[in-house]
Each structure stands twice: as structure tokens, then as C-alpha cells.
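# Descriptive analysis of the structure
Here is what each chain is made of, one letter per residue.
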Amino acid sequence: MPLTAKDIDRHMREIGKYVDWSGTCDTFKAGDASTPIRGIAVSWMSSIANLREAHARGCNLFITHEPTFYSHMDNEKAYDNDTCTKVKRAFLQETGMVVYRCHDVWDRFPNEGILDSWAAFLGLTGEPINAETFWKVMPIKEQPVIVLAHEIGRRVRQLGQDAVLTIGDQNKRVSKVAIGTGAITSAREFHRIGADVGIVTEITWWRDARWALDMGMPLIVVDHTVSEEPGMINLAKYLKRQFPEVKIEYIPTNCPFKVVTAKDED
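Overview of the structure. (Residues numbered from 1 in each chain as written. Predicted model: local features only at pLDDT ≥ 70, side-chain atom pairs only at ≥ 80, totals over all residues. Heavy atoms only, no water.)

### Some remarks on the packing of aromatic side chains
On inspection of all chains with the given rule, the structure shows 6 aromatic pairs. With 4.9 Å between their ring centres and 50° between their planes, phenylalanine 28 and tyrosine 100 make a pair best called tilted. Taken together, the positions of phenylalanine 28 in strand β1 (residues 28–30) and tyrosine 100 in strand β4 (residues 98–101) put the pair 72 residues apart, joining distant regions of the chain. Judged by its relative accessible area of 25%, phenylalanine 28 is partly exposed. Ring geometry for tryptophan 118 and phenylalanine 121: centres 6.0 Å apart, planes at 15°, overall stacked. Taken together, the positions of tryptophan 118 and phenylalanine 121, both in helix α5 (residues 114–121) and 3 residues apart, correspond to about one turn of that helix. Comparing tryptophan 118 with phenylalanine 121, the two get one shared label, buried. Taken together, the ring pairs in this structure connect Trp106, Phe109 and Tyr238 into an aromatic cluster. If you follow arginine 89 out to its NZ or CZ, it ends over the ring of phenylalanine 69, 3.9 Å from the centre. (Phe/Tyr/Trp six-rings, centres within 6.5 Å; stacked < 30°, edge-to-face > 60°. Helix = DSSP H or I, 4+ residues; strand = E, 2+ residues; numbered from the N terminus. Buried < 20%, exposed > 50% of the residue type's maximum accessible area, 1.4 Å probe, protein only. Lys NZ or Arg CZ within 6 Å of the ring centre and 35° of its normal.)

### Re the nonpolar core
Core analysis: the biggest nonpolar cluster contains 28 residues, and Val42 and Leu235 have the highest contact counts within it. At 5 residues, the largest contribution of residues to this core is made by helix α9 (residues 224–242). When neighbours within four sequence positions are excluded, leucine 235 is seen to be in contact with Met12, Val42, Ile63, Cys102 and Trp106. By size, the runner-up hydrophobic cluster in this structure holds 24 residues, among which are Leu124, Val145, Ile220 and Cys255. (Core = buried A, V, L, I, M, F, W, Y, C linked by side-chain atoms within 4.5 Å. Contact = heavy atoms within 4.5 Å.)

### Regarding the packing of helix α2 (residues 48–56) against helix α3 (residues 83–95)
Their axes nearest at 10 Å, the elements α2 and α3 cross at an angle of 15°. Between α2 and α3, the angle is such that the two are roughly parallel. The chirality of how α2 crosses α3 is left-handed. Residues Ile48, Leu51, Arg52 and His55 of α2 form the contact with α3, whose participating residues are Val87, Lys88, Phe91, Leu92 and Thr95. Each residue belonging to the contact of α2 with α3 can be placed in one class, and the counts come to 5 nonpolar, 2 polar and 2 charged. (Axes fitted to C-alpha atoms, helices over the stretch in contact; angles between N-to-C directions. Parallel < 35°, antiparallel > 145°, perpendicular 65-115°, else oblique. Left-handed = near helix turned anticlockwise from the far one by under 90°. Nonpolar A, V, L, I, M, F, W, Y, C, P; charged D, E, K, R; others polar.)

### A closer look at the environment of phenylalanine 121
Relative accessible area serves as the criterion here: at 16%, phenylalanine 121 is assigned to the buried category. Taking the C-alpha atoms as reference, phenylalanine 121 lies 15 Å from threonine 201; in sequence the two are 80 residues apart. Ignoring anything within four residues of it in the chain, the contact list for phenylalanine 121 reads Arg155, Val156, Gln158, Leu159 and Pro230.

### Looking at the sheet that holds strand β6 (residues 135–144)
Read across the open sheet, the 6 strands follow the order β5-β6-β8-β9-β10-β7; overall the sheet is mixed. At either end of the open sheet lies a strand with only one pairing partner, and these are β5 (130–131) and β7 (165–167). Pairing between β7 and strand β10 (residues 219–221): 3 bridges, direction antiparallel. For threonine 166, the partnering residue across the bridge sits in β10 and is isoleucine 220. Its contacts with the sheet put helix α6 (residues 145–156) on β6, β7, β8 (173–180), β9 (197–200) and β10, and the angle it makes with β6 is roughly 115°. The strands that helix α8 (residues 205–215) touches are β7 and β10; relative to β7, the one it contacts most, it runs at about 55°. (Pairing = 2+ DSSP bridges.)

### Considerations on α5
Burial of α5 is extensive: 6 of the 8 residues sit out of reach of the surface. Turning to α5, its buried residues are Ile114, Leu115, Ser117, Trp118, Ala119 and Phe121. On its buried face, α5 is in contact with α4 (104–108), β6, α6, β8, β9 and α9. Immediately beyond the C-terminal end of α5, within one or two residues, lies glycine 123, with a positive phi of roughly 80°.

Shown next, in the form of C-alpha cells:
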């Protein structure tokens, strides 16, 4: 029997025993789950550009980590009349592409999932000083924040991020760096679990940045997409091992912004 999109969902349910499958966002977002798979595209987000690229590569199953229709559960009606939503729905209906979200499973999957892949990408190896479900504190050689920031910047450049941002004293010497997944990289939680510097991927500037400044805890800010790209690359590799009979294509999403520096007036 040919592999179907439903078979992929069944596999994810088997490996994701820790997921609340009655309330997860890891569901089908478009298409018929019984569709035989010609090719699988894996990407961080099912943007219209990425969906079109997947179709051009001959893939009819798109596995995305993030939402397709702009809200966490893909059910926010306020987006239904947006042009971008209409264009995307029309494209999916026309092509018959199936979209499946793999978020809650892969955030917590050991070694190859989002958190562990991000740590490995940053060169943070060895046993964590402290760890919780979506965060960990890793030991590093004591160094100034600015040195660490330069190294992080060097690594993320290959994923399309021009520069990282820093908050706080760049000269403070640090040795315990916290990392986490996605939109829940809280400076307060990082401080609570023992970090003296945090690499955050989402931040509210009026609240989180000011709290970190008052607390004297430096932060390095990296794009959300970039922090999870290594894990999605590993998801594509994982699926190739599990389903070698099917074509697997990885479609990068990369950092959405470019850094523009101010020029002095002539």
C-alpha cells in the first residue's frame, strides 16, 4: 500500500507519547489525509512561497512547524478575509496539497528535536546545568557577553540572520547560558533556572528587556525562525530514515529581516 499522509500522523502519535493529542495543534490544516504521498516537503512555516516551492519540487505533503493560517490553532476567524489567507486556501485547493503541522511532537523530541538541535547548532554540548521541558542551562567557558554574542552571530549568519542583538552589559563575564524553544524564551524563567545570560528568540521590549536590564541579566536576541531551523533540518533527515521510499525535500525559511544601519547625511 502506498504511504499516505495519515501514516505520517500515525507515526508522530507513536513517537509523541508526551503530547496531549486531544488538544494539540499538531493536526491536518488542509487536504485529504488519505492522499498517497508523492513527496514530502519539510519547512519551518507553510508560507505561500514555501508551499509553491514544495509544489514545484513535486511534493504533495507539506509538514510545517508553525501555523498555516496565522494563529496558533489555525482557527482565528479574523484572518479568513485577508487576501493572503484567500490566496493560500485557493492554492491548496487547486493543488490538493496536504498540510500537516508537527510542532508539539518535535519541540520535545530528544536529540533531533527543536531544543537539542538548537543547542548542538550553537556548539553547546555536554550535560546541562539545569533543564526543564522547553529550556536548558548549558555551561560555557567564562567569557564576556560580547564574545559570546559574536560567536552566536557567526553561527546564525549561515541561516540568514545578519546580526544578533544584545541587552545589558556586554562586558559582563558569564558562564551559564540558557536557551529555549520558540516564543517561550522568558528572561525571568531563564534567571529562575540558574542562567547568568540568556539567548532569547521572542521578546517584549517594554517588559522583558527592561526587566532584564533592571535585574542585570544580559540577553542575546536571535530570530525565532533561525533558532528552530536546525531542528527542522533534522526532522527532514529523520523522516528520510523512517520513510526511505519517499522523496523528502527540506525548504528553508530563514530569518525574515535584514539589518539596515543608519547613514550619516551627506
